Amino acid sequence: MMAACKKQLRPAQGPSPRAQLGMVGLALLVAAALWSTRGKIARRPPLAPGVEIEAPITLVASDRDDLACSIEREVNGLHCAFAAPERSRSSGDRRLLVAPYLTLDRELYLIAGLFEQPAVRARAERDRALTTNRDAQPRFTAHCRLELVELVRDVRTRWSPSGPWSPPSEAWVARPSNCRIE
Amino acid sequence: MTFVNRLRSSAARVRLSPDVGLLVVTGLMILFGVGLRAQGLGFPPHFTFDEHHFVENARPYLSSGIDRNDHPPLGKLLIALSMRWVGDTPTGWRLFPLCFGLVNIALAGALAGRLFRDWRAAAIAAAFVAVDGFFISYSRTALLDGMLTSMFLASALAIVTARRWPDVLLASALVGLAVSIKFSGITLVAALVMMTLVLGRAPRLAVLGVGSAVVVYYAQYALGLALTGRDFAPRAVWEATLSLTKHHLALTDMTNPATSHWYTWFTPRRPLLLAQVPVEGGARVMTSLGNPLLWWGVNFVVLSGIFALLESALRRLRKLPQRIDGFFGEHRFALFALLMFYLLPIVPWIVSRRDSYIWHYLPAYGFGLILVAGAATHLYKRRLGAGLAALILVAEISVFYAPVWGKYPITHRAIAQRLFVSTWR
């Protein structure tokens, strides 16, 4: 192949090497301009305890009573409704009770007292007043600010009281604030 | 003479290669493609598209469960291997597809260099694969098709270079690896037969070396069964293979919203959004859409090549002299080989009613890109300025599309500018 390569045509005509480099330089400028056409978007900071993120959480009113998680221990005073599957934990203050929720892009968060947030509670009460049938309740999105507390690696989740428990997985425990409904 | 003057005079004496523009542009394109593939591999931290099929069925190989996926074990064994090394994390799931995605760049370059006997064709082919979104997206997702394409490219390289028995054995083993990822790899056997038995480029009896493909296929399947605590005797592998085959042959209803008929792949009507994560004011997305200029370039060169081959066959029948000028005249074997490798992965979807998806086109598209690289090299050698400008245009289009291949935050408006056909979003 080397011998064949040596016999190849050299470029006989065309821009000089310096002009070629000029073309490349110009192309780089155009590339920078094209790259910037993606628009300005705020990047989310790396997830870590104490970091606050915006999350669009998808909900129906009956999620308040249907969703549950299980973690053996408490996380900064927050806890799931179950210490282990089928071993429920007595829950007093609902603001400390953690439950699993999904964002619109299917990210799982364990959020404490989401339905105690005024906007979420008001929306859920309104929907429950219309119907208690889960399938008939409209889905809505709560845009909340979440303060990350801890990444737990052994959480199990359940999406309805009669549903199966998921295998252990990892998720961030978070405290919500400033929720608004869409 | 001051130091600055001496520096200027030395710089003036430096003789730049007449190919300096090509070297710099292809080098930058390859670097850009590598960087785009490797950055932010762990994002999003959850499954996207069909990743769950392969990751959840890779896990049993680490914990003695059962792989319920409908493809042979090799792809999932590889994913399991990286999960064992890196952990059961998003980066762990996607590490091997990334490695194979990088290997694809090198393989495309090697195959182009071999077939067109020109390092410039190698550089351009590698650059085209590096900056094409179809290849980039499948290098960043825990799916099998990028890895399958590596096996197609590696097998093709081994098949076209095979001259002796050991070469054919190696090529057959690679074919076996392709089949071990997805059954569609079986079409490579036809290329092996064509090159050895029909064209006689290697000892004709060496075609029997295809047995090494069977050995490789059995070995990986037996390993998969053994790791999940099941019987791995040849009969068990045969029965598992038969069961998978029956399952695939029954998948003919085309009801999955992601399905697309093979003849729509050339337009392309339905590329897939492999990831879509909303962010404030926009989204982070990854589409399987290729570089539009390269995509249409593949269509054009493949169609022209088919016509050129038909004309050549007609001339042979009429005993007329063959054309020896022009791109196709100068590279008849490369054209024949690349068209064969381009068409083979598409054939199963033409001749059967099996549900088809655009990712089935990825291996074929790779060979199409190599053919386009050959044509671009031909142009470059004759009209350097035009050839270089064409390469730069490809690169600029890729820069424009890079945010929707690399899952960069992008506004909805900018997404719509890039994915301007409604079925692309």
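First things first, this report covers the structure right here in the doc. (Residues numbered from 1 in each chain as written. Chains lettered and ligands numbered in written order. Predicted model: local features only at pLDDT ≥ 70, side-chain atom pairs only at ≥ 80, totals over all residues. Heavy atoms only, no water.)

**Here we look at the overall build of chain B**
Point 1. Within chain B one finds 20 helices and 3 strands.
Point 2. Its C-alpha radius of gyration of 23 Å places chain B within 12% of the 22 Å reference for a compact globule of 425 residues.
Point 3. Oriented by its inertia axes, the alpha-carbon framework of chain B measures out at about 80 × 65 × 45 Å.
Point 4. With 425 residues in all, chain B has 57% of them scored as buried.
Point 5. A separation of at least 24 residues holds for 74% of the contacts in chain B among residues at least 6 apart in sequence. (Helix = DSSP H or I, 4+ residues; strand = E, 2+ residues; numbered from the N terminus. Rg over C-alpha atoms; globule rule 2.2 N^0.38 Å. Buried < 20%, exposed > 50% of the residue type's maximum accessible area, 1.4 Å probe, protein only. Contact = heavy atoms within 4.5 Å.)

**Structural notes on the packing of aromatic side chains**
Point 1. Applying the stated rule across the entire model yields 28 aromatic pairs over all chains.
Point 2. Ring geometry for W35 of chain A versus Y408 of chain B: centroids 4.9 Å apart, planes at 85°, classification edge-to-face. Remark: Y408 of chain B occurs in the loop between α19 (384–405) and β3 (409–411) and W35 of chain A occurs in helix α2 (residues 17–36); the pair is interchain, linking two chains.
Point 3. For Y408 of chain B, a relative accessible area of 16% puts it in the buried group.
Point 4. Cluster of aromatic residues (ring-pair linked, three or more members): F134, F135, Y138, W262, Y263, W265, F266, W295, Y342, Y361 and Y365 of chain B. (Phe/Tyr/Trp six-rings, centres within 6.5 Å; stacked < 30°, edge-to-face > 60°.)

**Comments concerning the packing of α2 of chain A against helix α2 (residues 20–38) of chain B**
What describes two packed helices is the angle between their axes and the distance between those same axes.
Point 1. Contact pair α2 of chain A / α2 of chain B: the axes reach a minimum separation of 8 Å and the direction vectors enclose 25°. Between α2 of chain A and α2 of chain B, the angle is such that the two are roughly parallel. When α2 of chain A is examined against α2 of chain B, the residues P17, Q20, L21, V24 and L28 of chain A are found in contact with a partner set consisting of V20, G21, L22, V24, V25 and L28 of chain B.
Point 2. A breakdown of the residues in the contact of α2 of chain A with α2 of chain B according to their chemical character gives 9 nonpolar, 2 polar and no charged. (Axes fitted to C-alpha atoms, helices over the stretch in contact; angles between N-to-C directions. Parallel < 35°, antiparallel > 145°, perpendicular 65-115°, else oblique. Nonpolar A, V, L, I, M, F, W, Y, C, P; charged D, E, K, R; others polar.)

**Examining the state of the cysteines**
Residue and element names in this part refer to chain A.
Point 1. Scanning the entire structure with this criterion turns up 2 disulfides over all chains.
Point 2. Shown here is the disulfide that connects C69 with C80, its sulfur atoms set 2.0 Å apart. Because the sign of the S-S torsion sets the handedness, a value of about -100° for the bond joining C69 and C80 places this disulfide among the left-handed ones. On the criterion of sequence distance, the pair formed by C69 in strand β2 (residues 68–70) and C80 in strand β3 (residues 79–80) is long-range, its members being 11 residues apart. For the pair C69 and C80, a shared accessibility class is recorded, and that class is buried.
Point 3. A disulfide bridge connects C144 with C179, and the sulfur atoms are separated by 2.0 Å. Measuring handedness by torsion sign, the sulfur bridge of C144 and C179 sits at about 115° and is right-handed. With a gap of 35 residues between them, C144 in strand β8 (residues 140–158) and C179 in strand β9 (residues 169–181) connect regions that are remote in the sequence.
Point 4. We classify C144 as buried; its relative accessible area is 0%. (Disulfide = S-S within 2.5 Å.)

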